Amino acid sequence: SHPWGMDFLDDRQLFVTERGGNLYLIDLTTGKRRVIGNLPVVKAARQGGLLDVAVRRNPSTDNVTIYLCYSLMIGNKTLTAIEKAGFSDSSLTDRQTIFKANNPTTSAIHYGCRLAIDDVYLYASLGERGDRHQAQDPSLHGGAIIRLLHDGTPAANNPNLEDWAPELLSKGHRNPQGLAINPKTGALWSHEHGPRGGDEINIIIAGQNYGWPKVS
C-alpha cells in the first residue's frame with residue numbers, strides 16, 4: 001500500500017517502504033518479503049509517513065547503514081526527519097535521529113524527503129510544507145536541498161551564505177521528491193512538483209536559489 005522509497009541491500013535484496021509506516025526487505029529471486037522491525041514512529045497522514053530509504057555499505061568494513069526519511073510528529077505538528085541505523089537479520093539497530101527540519105507545521109503536505117548518498121555526503125530534499133514563502137526564507141529548512149555528512153552534521157563546505165541555515169545546499173524549491181547523483185559527473189539532479197504543471201528538473205548548484213514561488 002503506497003510504496004514510496006526503495007534501495008538495494010545487495011544484488012538480490014531490496015528494501016521498500018510503505019508510506020503507512022512499514023519497511024520490507026524483498027527477495028528479488030523469490031518475491032518473498034520480510035517485515036523489518038524496530039522502526040521509528042511516523043505520522044502517516046495525507047502525504048506524510050515513512051517515505052524514503054537509502055543504504056550505505058562501508059567499503060572498508062562492509063557494515064551496512066540504513067537511512068530513513070519520514071514525517072515526525074512533535075506535539076500537534078510534524079516535520080521532516082532523517083534517521084540512521086544499523087541492520088541485523090530483520091531489525092534495525094542502534095537507531096539515531098540525525099536531522100530534524102526546523103519548520104514544523106500542522107500541514108501534512110510537501111515533505112520532500114528523498115535521499116541520495118555518495119562516498120562523503122548524504123543529500124536530502126525538503127519541501128516547503130505548503131507554505132510557499134518558506135522556500136525563500138534562508139533561515140528555514142523548508143523548500144531546500146540539504147547536504148550532510150553521513151553522521152548528520154552539516155557539510156563544512158556548504159554555502160553558508162548570509163542568514164542561511166548551515167545544512168542548506170540550495171533554496172527556492174517547492175516539493176522536490178526526486179534526487180539522483182549523476183554516476184559520470186557526480187552532479188546532483190533533482191525533480192520537484194510544480195503547481196498546476198510547472199514541474200521542474202534541476203541540476204543542483206551550491207548556493208543557488210531555484211526561484212519558488214517567485215519563478216516557476
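As shown above, the structure is provided for reference.
> Kindly report on unusual backbone geometry, identifying the contributing residues and their values.
Cis geometry is found at the peptide bond from Trp212 to Pro213, where omega equals 5°. Within the secondary structure, Pro213 sits in the segment after β15 (200-204). With a phi angle near 50°, Arg46 is a residue other than glycine that sits in the positive phi range. With respect to the element layout, Arg46 can be found in the loop between β4 (33-35) and β5 (50-57). Positioned with a positive phi, Asp89 is a non-glycine residue whose angle comes to about 60°. For Asp89, the location among the structural elements is in the loop between β7 (77-88) and β8 (91-100).

> So, the sheet that holds strand β3 (residues 22-27): which residues are in play, and what are the values?
Strand order in this open sheet of 4 strands is β1-β2-β3-β4, and the pairing throughout is antiparallel. Edge positions in the sheet fall to β1 (3-8) and β4, since each of these pairs with one other strand and no more. Sheet twist, expressed as the average angle between the axes of neighbouring strands with direction ignored, equals 25°. By the bridge criterion, 3 bridges tie β3 to β4 in an arrangement that is antiparallel. Paired with Leu25 across the strands is Arg34, a residue of β4.

About the thresholds
- Residues numbered from 1 in each chain as written.
- Predicted model: local features only at pLDDT ≥ 70, side-chain atom pairs only at ≥ 80, totals over all residues.
- Heavy atoms only, no water.
- Helix = DSSP H or I, 4+ residues; strand = E, 2+ residues; numbered from the N terminus.
- Pairing = 2+ DSSP bridges.
- Axes fitted to C-alpha atoms, helices over the stretch in contact; angles between N-to-C directions.

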